[in-house]
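Now for the letters of each chain:
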Amino acid sequence: MGRWKAANFVARILLTKSRSIPQTPFHKVCKFSLVSVPKIQFLKFRRSFSVAPALYPQYVDDFEYKIDNNNNNNTESLESNDDEEIGKVPIKAYFLCTSIDLKRMQAENSTDILPSSSRSPNHIAFRFFNLLPTNNALRFGENTNGCSCMVVFKYGAVVLFNVEDGEAEYYLQIVRRYASGLLREMKKDDYAVKEKPSLVEDMQGGADHIVLKNLDTDSIRVISSVLGQSIALDYFVSQVDGMVEEFAGINREMEKTGTFTMKRKKLFQLVGKANSNIADVILKVGIFERSEIAWRDAKYAQILEYLREEYEVSQRFGNLNFKVKFVEHNIHFLQEVLQNRKSDLLEWCIIVLLAVENVVCIYEIIRDTTGH
């Protein structure tokens, strides 16, 4: 037992000395760090964490560059969203004949007629849903969702909405069944409408297109009326240009030879052609008629006036009228020349008759004198 008491005595002395040694800050840090280290637990996440990279000095530039790229991508995405808001509808205008039987066409295609809010006898609007299997139907306007529209005018113009180039001929074949006076060379013009519901104003012009809040049936009719008049003016201007060129050739011939060889019948044909062209522009095309739709609503009146200025309808009609006046002046001059020729012929006939009469009288006098 003595040795165990000695060992116990030595242990007490050592314990007393260890308690008397002061703890340094290092010991405190070590003790704190050892206590605060958590135990690693797999697949047990106690808190959320961020995947954003830390802003270390050597990576600050790279991080800022990535932020700028993100901003650019956001800007591009916003612009693409703005573009997606605008639905583009292609428009094609044709002038293929001089007259279309609208009554028969309406009677045989009554199920496809687009209802009208106005009474216009010079055109009919049709609406077709998936008429062709290849038709990529775009969305535009109320009452026209996922469809193609065709507006046919009595004077020979056809305007197609939401129809691709390869599909247009199918629609034109429908119209040709009711057409008369088909042209050898068809006139064509392209335009477009962009629909943007977020547009502040009712409409906005652009290069070869117009932007509308909503492309409804009345907008289709107003746009078609101007495009139809424009394409018809192209045809009539080409006709009058042909007459102007013909009279220019006659004038050059008269300048060289001092006379012309046109027959009276040909001249009268030119007179009738010039008068019929100007009458068709005024009466059939209705170049000066006010649209009933535009008369009721100022929004459509704004569209009408913009398109008429864009296509210079009034100026082109003025140029057409000037050319017709030139043709009429030449016709009047040539008529006077032909009339003078006829008068000269009659005068020569009278002279010949008088000469024959004089010869007969002289013969009778001579016979009477020799008979005695």
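Attention here is on the structure that accompanies the text. (Residues numbered from 1 in each chain as written. Predicted model: local features only at pLDDT ≥ 70, side-chain atom pairs only at ≥ 80, totals over all residues. Heavy atoms only, no water.)

1. As for the packing of aromatic side chains
Counted only if it meets this: Only Phe, Tyr and Trp rings are paired, with Trp represented by its six-membered ring, and only when their centres lie within 6.5 Å; those with planes under 30 degrees apart are stacked, over 60 edge-to-face, the remainder tilted.
As enumerated under the stated definition, the model contains nine aromatic pairs in all. Between Phe-126 and Phe-128 the ring centres are 6.2 Å apart and the planes differ by 15°, which places this aromatic pair in the stacked class. Among the aromatic residues, those joined into a ring-pair cluster are Phe-126, Phe-128, Tyr-170 and Tyr-171.

2. Quick word on the pattern of salt bridges
Side-chain pairs of opposite charge can arise where the charged atoms are in close proximity. To keep things clear, this is the line we draw: By definition here, a salt bridge exists when the distance from a side-chain nitrogen of Lys or Arg to a carboxyl oxygen of Asp or Glu is within 4 Å.
Following the criterion strictly, the structure yields 11 salt bridges and no others. The shortest N-O distance in the salt bridge between Glu-245 and Arg-252 comes to 3.5 Å. One salt-bridge network, in which partners are shared between bridges, spans Lys-92, Asp-165 and Lys-188.

3. Some thoughts on a negative patch on the surface
Put simply, the test is: Exposure above 30% relative accessible area and the absence of a salt bridge qualify a residue for a patch, where like charges join within 9 Å and nonpolar side chains (Val, Leu, Ile, Met, Phe, Trp, Tyr) within 5 Å. Residue burial considers only the protein chains on display, and all accessible areas are found by Shrake-Rupley using a 1.4 Å probe. Charge assignment: positive for Lys and Arg, negative for Asp and Glu; neither His nor the chain ends contribute. Charge coordinates come from a single atom per side chain, which is NZ of Lys, CZ of Arg, CG of Asp or CD of Glu. Strands here mean DSSP runs of E at least two residues long; helices mean DSSP runs of H or I at least four residues long; both are numbered from the N terminus. The buried label goes to any residue with under 20% of its type's maximum accessible area, the exposed label to any with over 50%, and the partly exposed label to all in between, with areas taken from a 1.4 Å probe on protein chains only.
On the surface, Asp-190, Asp-208, Glu-310 and Glu-312 cluster together into a patch of negative charge. Secondary-structure assignment places Glu-310 in helix H9 (residues 298-310). A relative accessible area of 37% means that Glu-310 is categorised as partly exposed.

4. Structural notes on the pairing of strand S4 (residues 148-153)
Put simply, the test is: Whether two strands pair comes down to DSSP finding at least two bridges between them.
Counting buried residues along S4, six of its six residues qualify, which places the element largely inside the surrounding structure. Here S4 shows two buried faces, one formed by Ser-148, Met-150 and Val-152 and the other by Cys-149, Val-151 and Phe-153. Here six bridges tie strand S3 (residues 123-128) to S4, and the two strands are oriented antiparallel to one another. From the neighbouring strand, Phe-128 faces S4, where its bridge partner is Ser-148. Across four bridges, S4 lies against strand S5 (residues 157-161) in antiparallel orientation. Residue pairing for S5: Cys-149 is matched across the bridge by Phe-161.

5. So, the nonpolar core
Operational definition: Take the buried Ala, Val, Leu, Ile, Met, Phe, Trp, Tyr and Cys residues and link them wherever side-chain atoms come within 4.5 Å; each set so joined is a nonpolar core. Whether two residues are in contact is decided by their heavy atoms: any pair within 4.5 Å suffices.
The biggest cluster of nonpolar side chains holds 63 residues, and the ones touching the most others in it are Ile-210, Ile-223, Ile-303 and Leu-320. If we ignore the near neighbours within four places in the chain, the residues touching Ile-210 are Tyr-191, Ala-192, Val-193, Lys-194, Met-203, Gln-204, Ile-223, Ile-303 and Tyr-306. Among the nonpolar cores identified, the runner-up in size contains 21 residues, and Cys-97, Phe-128, Leu-160 and Ala-168 belong to it.

6. Concerning the sheet that holds S5
Put simply, the rule is: To obtain an axis, a line is fitted to C-alpha atoms, over the contacting stretch when the element is a helix, and the angle between two such axes runs from 0 to 180 degrees between their N-to-C directions.
With respect to topology, seven strands assemble into an open sheet ordered S3-S4-S5-S1-S7-S9-S8, the strand pairing being mixed. Edge strands, defined here as strands with exactly one partner in the open sheet, are S3 and strand S8 (203-206). Averaged over all adjacent pairs, the angle separating strand axes in this sheet is 20°, with direction ignored. Two strands pair when backbone bridges link them, and strand S7 (residues 187-195) and strand S9 (residues 209-212) are joined in this way by three bridges, in the parallel orientation. Bridge pairing in S9 places Lys-194 opposite Val-211. Those strands touched by H9 are S7, S8 and S9, and its axis lies near 10° from that of S8.

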